[in-house]
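# A closer look at the structure
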Amino acid sequence: SSDRTSSSSGGSDSGSGSSSGSGSSSGSKGTGSSSGSKGTGSSKGNSGTQDHYVADLAGGTIHVESTKIELGPRDDDGDPTVIGTFTITNNYTEKELAPLLALPVMAQGEELLSPGTFINTSPDGYDPLASQKKMKAGETRTVMITAKLKSQTDIVTVFGIDMFDESNEIEPYFWDPK
């Protein structure tokens, strides 16, 4: 997992690199809870009970929701990518939030996906620093994350980990790139 972080840090400033850091530090917990195997074991399509990713973290104080998940352009390494666009709302009344702690991670099968490498080019609207800048209390922000696909046909599992409440089980979302 340190390879993912080091390669992505150089890949797109610290935005994508830290995104992987979030996944790497807790990725084994996510895959350990069978999120990855649910993705490959499920029938093709969005087989969860949700039609998009939704998570309430920290007892509902932080709300995260996907607005779009789609195939992205090939990154600077020539790899196919997936782009997830998420809206994060910081419902704290006085506390700032690092949005990176609220973002989900993506996997195919049992493997976490590495961040896409966008230095020379980038998808429209992509700001790798948007996940780094602290959010003020009451703020809502749209953040995009990119990931290198292992397969352009296998299900992508989007799953969150509540860093503020480990007992919070967040339902994964399954996205079919086909």
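A short tour of the structure in this document, coming up. Because the structure is a prediction, the values reported are computed rather than measured. (Residues numbered from 1 in each chain as written. Predicted model: local features only at pLDDT ≥ 70, side-chain atom pairs only at ≥ 80, totals over all residues. Heavy atoms only, no water.)

Take the environment of Phe-118 next. Topologically, Phe-118 is positioned in the loop between strand E5 (111-112) and strand E6 (140-148). Look at Phe-118 and you get buried, because its relative accessible area is 5%. When the C-alpha atoms of Phe-118 and Asp-76 are compared, they prove to be 5.6 Å apart, with 42 residues separating the residues in sequence. (Helix = DSSP H or I, 4+ residues; strand = E, 2+ residues; numbered from the N terminus. Buried < 20%, exposed > 50% of the residue type's maximum accessible area, 1.4 Å probe, protein only.)

What follows concerns the pairing of strand E1 (residues 54-57). Where burial is concerned, the two faces of E1 differ: the one with Ala-55 and Leu-57 is buried and the one with Val-54 and Asp-56 is not. Hairpin remark: E1 followed by strand E2 (residues 62-72), antiparallel, with four residues in the connecting loop; positive phi at Ala-58, about 50°. (Pairing = 2+ DSSP bridges.)

The pairing of strands in a sheet comes from backbone hydrogen bonds and takes either a parallel or an antiparallel form. One open sheet holds the four strands; their spatial order is E5-E4-E7-E8, and the pairing between them is antiparallel. Lying at the two open borders of the sheet, with one neighbouring strand each, are E5 and strand E8 (173-175). Judged from the three bridges that link them, strand E7 (residues 156-159) and E8 form a sheet pairing that is antiparallel. Its bridge partner being in E8, Thr-157 is matched across the sheet by Phe-174.

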